[in-house]
Amino acid sequence: MSTLHSNIKKLYAFSFLEMSLFPMAIITLFWKDQIGMSLTQILLLQSIFAVAMAVMEYPSGYISDRIGYRKALNYAALLGVIGWGLYTIAETFSGVLIAEIFLGISMSFISGSDSALLFESLKGTDEELFYARHQGRMSGAGQIGEACGALFAGVMYAAAPLLPFIIQVLVWILLFFLTRTLVEPQRSGNPPASHVAEAWRSTRYALLDNKRLRYTILLNLVLGLSSFYPVWLIQPYMQDGGVPVSWFGPIWAVANLSVALFAFASHRSQLKLGDGRMVILFALLIVGGYLGLGLAGGLWGFLFYYLLTSMRGLRGPMLLNFAQREIPSANRAGILSLQSLCFRLVFVCTGPLIGKLADGIGVQQTFLLLCYAFILVLPPVVWLFLRQLRQTNPAPAGVGEEK
């Protein structure tokens, strides 16, 4: 058990390194200025990235449950090294696309495996009840890593556009050596007679049989999209507002520090406010953020983006905790990956349309229209989640083993 406990701090370090994305604060500028891509192409690229993740998302989670979370994270690190390495030689849209596909598959192996390994490492100990706190710390460590990576990204990019990508390759090599030191927990449960049948049973359990889990996934999807669209639009928004490029790194760093700060505070805030008020707070932060971005503009309009990053930090540990409590151990990574798959599929359908809209009417007006869209979507989704929150949905027979 003490050996498994060593996974916790290693997973904090894993999250820090994984999210130390040196190119992230300037990557939209890199795509536009170095590769020559339009906003439509950028959102299309991210949709293809989402497809790569979608194709592998649930299968990789299911495979992780069978081969072990440690091996899955090893494969993810190797694929990440290849993907970022390809970025250093990419000169066209197709070159970037190939790199993104490798990175998409890498992320699909991480998705679900890291959180599942954290939960299983805590399971059966006194710390199991504090999973949300540890998940918040892991998420916070990741955002601190991204903030550190972003801090000097603008200066590095100005000195040499490829420098952030070269450093990123070195980070993922270090990440690979870290994943090899993780310890695989022993889990009960016999191998399924049919992998296809077991995958279908766990999918049905998550999306049909367990209503609480279904509406947790739905709420997570909507909240996730609300904080994901601006990731790809905020840089051209700042560029249009006249924000100096040298500010981009520090602005991105502060955004990620805000995610980290609120992820650390998520568990305590939930205890103080209660589940219902927390979810309502999420909705208010989304509407306020998009409304401010849509109406303000100019040099300081980006400050409203921090409302969305704050929401992102608060909701992650809380909703992951709700989902984890409903998922059987034998299918933990698979169902967490299924949740990410749903998110990716919706983004595939909507991302290019939003990119085309931003190219046509401008990023600021696009934010305003997205505000109206979320005002319509959020109330019914929040109501469905809160209605199911107090009801129990035990796992049906044949889905994994007892939670």
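Predicted, not measured: the structure shown is a model, and the values here were computed from it.

It is worth spelling out a nonpolar patch on the surface at this point. Residues Leu357, Ile361, Leu369, Tyr372 and Ile375 make up a contiguous nonpolar surface patch of about 420 Å² in total accessible area. Of all elements in the fold, only α15 (332-361) and α16 (363-389) reach the threshold of two or more residues within the nonpolar patch. A total of 3 residues in the nonpolar patch trace back to one element, the largest contributor, which is α16. Along the chain, Tyr372 turns up in helix α16.

Let's shift gears to the side chain of Glu100. Mapped onto the secondary structure, Glu100 falls in helix α5 (residues 93-110). Note on Glu100: relative accessible area 5%, which makes it buried. At 2.8 Å, the side chain of Glu100 forms a polar contact with the side chain of Tyr87. Setting aside residues no more than four positions away along its own chain, Glu100 makes contact with Trp31, Leu45, Gln46, Phe49 and Tyr87.

As a further point, take the pattern of salt bridges. Taken as a whole and assessed by the stated rule, the structure comprises 1 salt bridge. Notably, a salt bridge pairs Glu326 with Arg212, separated by 3.3 Å at the nearest N-O pair. Placement of Glu326 in helix α14 (residues 305-326) and of Arg212 in helix α11 (residues 211-240) is noted, with a sequence separation of 114 residues between them. Arg212 carries the same exposure label as Glu326, and that label is buried.

What follows concerns helix α12 (residues 245-273). Taking 1.5 Å per residue as the helical rise, α12 with its 29 residues ought to reach 42 Å, and the 39 Å between its terminal C-alpha atoms agrees with that figure. Along its length, α12 reaches its greatest deviation from straightness, about 50 degrees, at Ser266.

As a further point, take α5. In this model, α5 (18 residues) spans 25 Å end to end at C-alpha, consistent with the 26 Å of a helix rising 1.5 Å per residue. Where α5 is concerned, the buried positions are Gly95, Val96, Leu97, Ala99, Glu100, Leu103, Gly104, Ser106, Ser108, Phe109 and Ile110. Residue Gly112 follows α5 closely and has a positive phi angle near 90 degrees.

Moving on to the packing of aromatic side chains. When we look at a pair of aromatic rings, we describe it by the centre distance and by the angle of the planes. One pass over the full model with this rule turns up 21 aromatic pairs. Between Tyr75 and Phe109 the ring centres are 6.2 Å apart and the planes differ by 75 degrees, which places this aromatic pair in the edge-to-face class. On the criterion of sequence distance, the pair formed by Tyr75 in helix α4 (residues 69-87) and Phe109 in helix α5 is long-range, its members being 34 residues apart. Seen in terms of ring centroids, Tyr237 and Phe367 are 5.3 Å apart; in terms of plane orientation they differ by 75 degrees. Their pairing is edge-to-face. Highlighted residues: Tyr237 in helix α11 and Phe367 in helix α16, separated in sequence by 130 residues.

What describes two packed helices is the angle between their axes and the distance between those same axes. Axis separation between α11 and helix α13 (residues 275-295) bottoms out at 12 Å; the angle between their running directions is 25 degrees. If you check the angle between α11 and α13, you find them roughly parallel. The hand of the α11/α13 crossing is left-handed. Seen from α11, the contacting residues are Leu219, Leu223, Leu225, Ser226, Tyr229, Pro230, Ile234 and Tyr237; seen from α13, they are Val279, Phe282, Ile286, Tyr290, Gly292 and Leu293.

Side chains of Arg133, Arg137, Arg268 and Lys272 sit close together on the surface and give a patch of like positive charge. When you line up the elements, Arg133 lands in helix α7 (residues 131-151).

Reading the values: the criteria
Residues numbered from 1 in each chain as written. Predicted model: local features only at pLDDT ≥ 70, side-chain atom pairs only at ≥ 80, totals over all residues. Heavy atoms only, no water. Patch = residues over 30% accessible without salt bridge, like charges linked within 9 Å, V, L, I, M, F, W, Y side chains within 5 Å. Areas by Shrake-Rupley, 256 points an atom, 1.4 Å probe, with all protein chains shown as cover. Salt bridge = Lys/Arg side-chain N within 4 Å of Asp/Glu carboxyl O. Helix = DSSP H or I, 4+ residues; strand = E, 2+ residues; numbered from the N terminus. Buried < 20%, exposed > 50% of the residue type's maximum accessible area, 1.4 Å probe, protein only. Polar contact = N/O pair within 3.5 Å; in protein donor to acceptor, adjacent residues only side chain to side chain. Contact = heavy atoms within 4.5 Å. Expected span 1.5 Å × (residues − 1). Bend = angle between axes of the 7 residues up to and from the residue. Phe/Tyr/Trp six-rings, centres within 6.5 Å; stacked < 30°, edge-to-face > 60°. Axes fitted to C-alpha atoms, helices over the stretch in contact; angles between N-to-C directions. Parallel < 35°, antiparallel > 145°, perpendicular 65-115°, else oblique. Left-handed = near helix turned anticlockwise from the far one by under 90°. Lys, Arg positive; Asp, Glu negative; His and termini not counted. Charge placed at Lys NZ, Arg CZ, Asp CG, Glu CD.

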